[in-house]
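A closer look at the structure
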Amino acid sequence: QVQLVESGGGLVQSGGPLTLTCQASGRTFSSGAMAWFRQALGKEREFVGAMSWNAHNTFYADSVKGRFNISRDVPRNTMWLQMNTLKSEDTAVYFCAAQRYSDWLSEVQADYDYWGQGTQVTVSS
């Protein structure tokens with residue numbers, strides 16, 4: 001059984017940093033891209049960023065480009081989302097996701113095979 005578990009969410013002041021962790025277990029994801037999505041209350045889930053299987057390539061949503069950074073430790077099946085200069089509009093539940101085989105840095109939720117339960121990030125203004 002594949003599991004993705006996010007951690008690191010919480011309450012942070014506007015302008016501050018926060019780092020989220022996604023730990024995968026059950027099988028390795030060495031051949032699939034991983035990504036972060038988020039869903040604000042009352043809104044649809046949206047793409048945040050993705051990283052290739054070898055951690056060499058990344059792709060970010062315009063809304064977070066330059067502020068957020070994704071990193072990944074492939075042997076440890078761990079991915080991080082470092083968030084800087086947080087804004088109130090970054091408040092959301094953040095989800096990590098993984099593709100089973102494809103290394104395509106997709107923005108489309110349906111392209112991802114595995115999902116975590118999410119971790120809440122609240123940015124106070």
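Report follows, based on the coordinates. None of these values were measured; they are calculated from a predicted model. (Residues numbered from 1 in each chain as written. Predicted model: local features only at pLDDT ≥ 70, side-chain atom pairs only at ≥ 80, totals over all residues. Heavy atoms only, no water.)

1. Examining the overall build of the chain
The test is simple: The helix count covers DSSP runs of H or I at least four residues long, the strand count covers runs of E at least two residues long, and both are numbered beginning at the N terminus. Each radius of gyration reported is based on C-alpha atoms, and the globular scaling rule is 2.2 Å times the count of residues to the power 0.38. Three labels apply to residues, based on accessible area from a 1.4 Å probe with only protein chains included: buried if under 20% of the type maximum, exposed if over 50%, partly exposed otherwise in between. Any two residues whose heavy atoms approach within 4.5 Å are treated as being in contact. All accessible-area figures derive from a Shrake-Rupley calculation using a 1.4 Å probe, and residue coverage is judged against the displayed protein chains alone. Positive charge is attributed to Lys and Arg, negative charge to Asp and Glu, and no charge count is given to His or to the chain ends. By convention, the point assigned to a charge is CZ for Arg, NZ for Lys, CD for Glu and CG for Asp.
For the chain, the count of helices and strands is 0 helices and 11 strands. Along the chain, helices and strands appear, N-terminal first, in the series β-β-β-β-β-β-β-β-β-β-β. For 125 residues, the compact-globule estimate of 2.2 N^0.38 gives 14 Å, and the chain sits close to it at 13 Å. Projected onto its principal axes, the C-alpha positions of the chain cover 40 × 25 × 25 Å. Burial analysis of the chain (125 residues in total) assigns 42% to the buried set. Intrachain contacts of the chain at a sequence separation of at least 6 include 59% that bridge at least 24 residues. When the accessible surface of the chain is split by element, carbon and sulfur atoms take 47% of a total near 6,500 Å². Within the chain, the 11 negative side-chain charges are centred at a point lying 3 Å from the centre of the 10 positive side-chain charges.

2. As for unusual backbone geometry
The phi dihedral of A55 is positive, around 65°, even though this residue is not glycine. With respect to the helices and strands, the residue A55 is situated in the loop between β5 (46–51) and β6 (58–60). The class of A55 is partly exposed, set by a relative accessible area of 27%. In this structure, T85 takes a positive phi of about 50° despite not being glycine. Mapped onto the fold, T85 is located in the loop between β8 (78–83) and β9 (92–98). We classify T85 as partly exposed; its relative accessible area is 45%.

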